[in-house]
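Chains, contacts and geometry: an overview
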Amino acid sequence: MIRVKPITRWSSVLVLGMIALAACGARDEAGEREEHVEDRDGTETEQTAVDSVGVDSTAVEAVPVEADLVRVGPTSSYLVFNSTIETEEAVQVFPQVSGLVERIAAEEGDRVEAGDTLLYIEDEQLRINYQEAKVNFEFQQGNFRRNEEMFKRKLLSDQDYERVGFEMEQARLRYDRARLELEHSTIVAPFSGVITERHVQVGARVSSGTQLYDLIKLDDMIARVFVPGQYLMQVAKGQRAEIGSDFLPDQQFAGWVKRISPVVDPRSGTFKVTVGVSDRFEALRPGIFVSVRIVIDTHEEAVLVPKNAIVYDGGEQYVFAVRDSVAQRVLLQPGYESTVEIEALSNVFAGDRVITVGQNGLRDGARVRLVGGEKPADLMGVDARTDSITSVRD
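Residues numbered from 1 in each chain as written. Predicted model: local features only at pLDDT ≥ 70, side-chain atom pairs only at ≥ 80, totals over all residues. Heavy atoms only, no water.

Observations regarding the nonpolar core
With 26 residues, the main nonpolar core has Val227 and Val273 as its most contacted residues. Among the secondary structure elements, those contributing two or more residues to this core are β2 (71-87), β11 (221-228), β12 (240-245), β13 (248-260), β14 (270-277) and β15 (289-306). With 18 residues, the next largest nonpolar core counts Val101, Ile187, Ala189 and Leu215 among its residues. (Core = buried A, V, L, I, M, F, W, Y, C linked by side-chain atoms within 4.5 Å. Buried < 20%, exposed > 50% of the residue type's maximum accessible area, 1.4 Å probe, protein only. Helix = DSSP H or I, 4+ residues; strand = E, 2+ residues; numbered from the N terminus.)

Pasting the structure below:
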């Protein structure tokens, strides 16, 4: 049999105290949890506020770009060919008498005028022949005058008079020949030009078949091109042309169609066109490779866009025009073009600003900010009639 000990008054007090302590601990734990939640919520609220301030401070920043103005000017279409510079007057100088080279008076690269001495051939024997012929001719002249007086007086027969006249004429011819040979011992320039090559040395024996010099005339330069027969009706005498060379990258030369062959070669299907070249400073030289462009059409009031503004996408050409600080992507319909500019047939207008630096990767409608110097419209191209040209190749 189990006995239950009755609860005394002190035992009851002890139990109630323990219950009260447990209740207080639960309240403290709940308060700590509530404070932790409030702190976390406050922190998140503050972070959200900071993030919202950060977004506002960096929103929609303008992209820095450079732009050029679209201008109006002439541009052309042309036929382009490769050729070499030649000269209309180029000669090989040969002597007309035989002998030893006594002295050289002109060297390669020398500029000479017509009649200037180039070379001397030893002329001692020629001078003796000349003097002998001169003396004989003078004697025959005196003899003829005496016989002429006798013939007038009927003291000389017709046959004798004719014989004396014949002998005088022969003496005159020998004299003229000797004089010419003596003159030809001094080699002179047949026209004004530049010596390109000397072929003989002092002391060399020369004859009529010995080449002495090559002489060219630099103020009459040409380039010959062979044009496909399909363009026969588009090329005319006097038509404007442009000449350039990789050897002279900063120079362009004016030209014109000088001659047109009326015959189309049946083997190549081309006809020959001779283009004259204007080069008053004589920068071009015979043999230099050049690009010849024959202008066949010109648009005088073309809208010209810098070629470095073009963006290529899927075979199409675009430009970004800056309008109200916004980059607008515009489809370019190209016309004639040169090395620096291209004609815009629509969508782009004179005075538009087109982006030339920073357009790659730019989005349509992006806000932009112009930086750097802007080229004025009249300085964007060089000479329009020299550089605003587009090519029509075979």
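Quick word on helix α3 (residues 158-184)
For α3, with 27 residues, the first-to-last C-alpha span of 39 Å sits near the 39 Å given by 1.5 Å per residue. Against the buried residues of α3 lie α2 (124-152) and β7 (186-188). (Expected span 1.5 Å × (residues − 1). Contact = heavy atoms within 4.5 Å.)

Brief notes about the environment of Ile195
Mapped onto the elements of the fold, Ile195 is located in strand β8 (residues 193-198). For Ile195 and Val112, which are 83 residues apart along the polypeptide, the C-alpha to C-alpha distance reads 7.6 Å. Beyond its immediate sequence surroundings of up to four residues, Ile195 is in contact with Ala106, Glu107, Glu108, Gly109, Asp110, Val112, Leu118, Tyr213, Asp214 and Leu215.

Some thoughts on the sheet that holds strand β5 (residues 111-112)
Reading across the sheet, the four strands line up as β3-β10-β8-β5 and stay open at both edges, with antiparallel pairing between neighbours. Of all the strands in the sheet, just β3 (90-93) and β5 have a single pairing partner and so form its edges. Across two bridges, β5 lies against β8 in antiparallel orientation. When the sheet's bridge partners are listed, Arg111 is paired in β8 with Val194. (Pairing = 2+ DSSP bridges.)

Structural notes on the sheet that holds strand β9 (residues 205-206)
Two strands in a sheet stick together by hydrogen bonds in their backbones, pointing the same way (parallel) or opposite ways (antiparallel). The strand order β7-β6-β4-β9 describes an open sheet built from four strands, whose pairing is antiparallel. If you trace the sheet from one side to the other, it starts and ends with β7 and β9, each paired once. In terms of strand pairing, strand β4 (residues 99-104) meets β9 through two bridges, oriented antiparallel. Bridge assignment links Leu100 to a residue of β9, and that residue is Arg205.

Brief notes about α2
With 29 residues, α2 extends 42 Å between its outermost C-alpha atoms, agreeing within 8% with the 42 Å of an ideal straight helix rising 1.5 Å per residue. Buried residues along α2 sit in contact with α3. Looking one or two residues past α2, Lys154 carries a phi angle of roughly 65 degrees, positive in sign.

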